[in-house]
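# Coordinate analysis (summary)
Spelled out from the first residue to the last, the chains are:
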Amino acid sequence: MDMQQVEPMWGKIKDFILKNKLALMGVVAALIAIVVGYRFYQSQPKSVLSAIHIEFKGYDGYGQIDYDATEIDKEIQKIAYQSVGFTKSQIQDLLNEDDLFFSEIAEEPTLTKKLNKANRIISIVSYDFSKKSDLSNGDTITVTVKPSSSKSPIKKESKKIKVTGLEEVEVISLETLLKENPVEFSGLNGYGKISVPPYSDFSKIFTVPTNTNYTNGEMLQLEISPTYLHNLREMGKKVEPQKIEVEVIGLKEISDISNINEALTKNDTYVKSRYQNSSWETYTIEKQKDYSYYDSNSYFDSDRFYLITVYKVTMKTDSKTTTKYNYYGYHYSLNADNSLDMDSAEKVAGYENTDYENLLAEIETNNFKEYKAN
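Attention in this report is confined to the structure presented alongside it. Given the structure is predicted, the values throughout are model-derived calculations rather than measurements.

### Concerning the layout of surface pockets
To find the voids left in a structure, one rolls a probe of water-molecule size over its atoms. Of the volumes computed, that of the largest pocket is approximately 260 Å³. Forming the walls of the largest pocket are 15 residues, and the residues nearest its centre are Gly-187, Tyr-294, Leu-334, Asn-335 and Asn-338. Tallied by class, the residues present in the lining of the largest pocket amount to six nonpolar, seven polar and two charged.

### Quick look at the sheet that holds strand β9 (residues 206–207)
Strand order in the open sheet formed by three strands is β9-β10-β12, with antiparallel pairing between adjacent strands. Edge positions in the sheet fall to β9 and β12 (243–247), since each has one partner strand and no second. Both β9 and strand β10 (residues 219–224) contribute to a ladder of two bridges, which runs antiparallel. The residue bridging Phe-206 from the neighbouring strand is Ile-224, located in β10.

### Considering the environment of Glu-281
Considering the arrangement of structural elements, one finds Glu-281 in the loop between α10 (260–274) and β13 (282–295). Sequence separation between Glu-281 and Thr-317 is 36 residues, and the spatial gap between their C-alpha atoms is 4.7 Å. Ignoring anything within four residues of it in the chain, the contact list for Glu-281 reads Met-315, Lys-316 and Thr-317.

### Some details on the sheet that holds strand β16 (residues 346–349)
As summarised here, the arrangement of the five strands in space is β16-β15-β14-β13-β17, forming an open sheet in which the pairing is antiparallel. Only two strands of the sheet have a single neighbouring strand rather than two, namely β16 and β17 (369–371). Neighbouring strand axes in the sheet, compared pairwise and without regard to direction, differ in orientation by 35 degrees on average. Note: β13 against strand β14 (residues 304–316), 13 bridges, orientation antiparallel. Considered in β14, the bridge of Glu-286 is made with Lys-312. Its contacts with the sheet put helix α11 (residues 356–365) on β13, β14 and β15 (321–332), and the angle it makes with β13 is roughly 20 degrees.

Criteria and cut-off values
- Residues numbered from 1 in each chain as written.
- Predicted model: local features only at pLDDT ≥ 70, side-chain atom pairs only at ≥ 80, totals over all residues.
- Heavy atoms only, no water.
- 1 Å grid on protein atoms, 1.4 Å probe; cavity = no way out; pocket = protein on both sides within 12 Å on 5 of 7 lines; lining within 4 Å.
- Points joined across faces, edges and corners; volume = space filled by probe spheres on them.
- Nonpolar A, V, L, I, M, F, W, Y, C, P; charged D, E, K, R; others polar.
- Pairing = 2+ DSSP bridges.
- Helix = DSSP H or I, 4+ residues; strand = E, 2+ residues; numbered from the N terminus.
- Contact = heavy atoms within 4.5 Å.
- Axes fitted to C-alpha atoms, helices over the stretch in contact; angles between N-to-C directions.

This is the structure we're talking about:
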């Protein structure tokens, strides 16, 4: 093509440009706006909420959230890699943990620098949920994404999600549960304790109080054990209410012990054996008070019932008269018929004391109570 042919064509082009100058300028401006807008969009922090998919599992009141942490982490990584300039194919290799690409990064300082920056971006991003467990249908939880830097390419944001779809819980009546596992008391009135039969489920269901001084008519609060409640939750059940008051009943009176008078007489015999008159001294023994104590936490094979008597002992010699106080008695095993086992009786005695009130205070401090025969 010679110049004579080109010149007419060039002239036509110039005429077209001159005639459509405004239109062409608009197109160019639009293209520039698109490029600038795209770059502006790319520079803005990106949301990862779209990658946080939450499901609710379990039972109403005890529900839990379930989500794929791997999916969320990958979305954060993807944005971080993209923000430092990795290409789409490189990002995919990084997400796939491609060993060959990591080798290339190790050999290329520019790529290493990008990866270090991306890892730093990833490390300062956290996400959390306002509540993860003990959820009920209708609750609202908040998921929050929190980068610790204002320059992070990850957007700081939160989203509220309503809890739905949790299964209904079966409610078990505490009264019914107590009827199926009745509480029993053993011991004596004033020294009672909860009696848990061997292989009973009672101590698995209730938190068993360790008090051993219950009295008939006393109100005792029983509470469902945390372990049992947890096991019920796993099965979609719960107990209402979780606490209940029961009355202490059925404890036998100390006065009902059939041979207690025989035991008191035994105390008198014991003290007399300790203080026998001689040619140079004589003793006057005066009974003061009887005390009892029922030890249901004994280290022995069975519970122990203590019955002691406080005595005033006056000793006279040719030169002086002295008065001292002490207690003497025995501890016994209780037979099945609520009688004292005399054959297993073992002696109990204190130390002589010149101060009567001090001796009584010592006895009562050790949980002994005064026994008064009817």
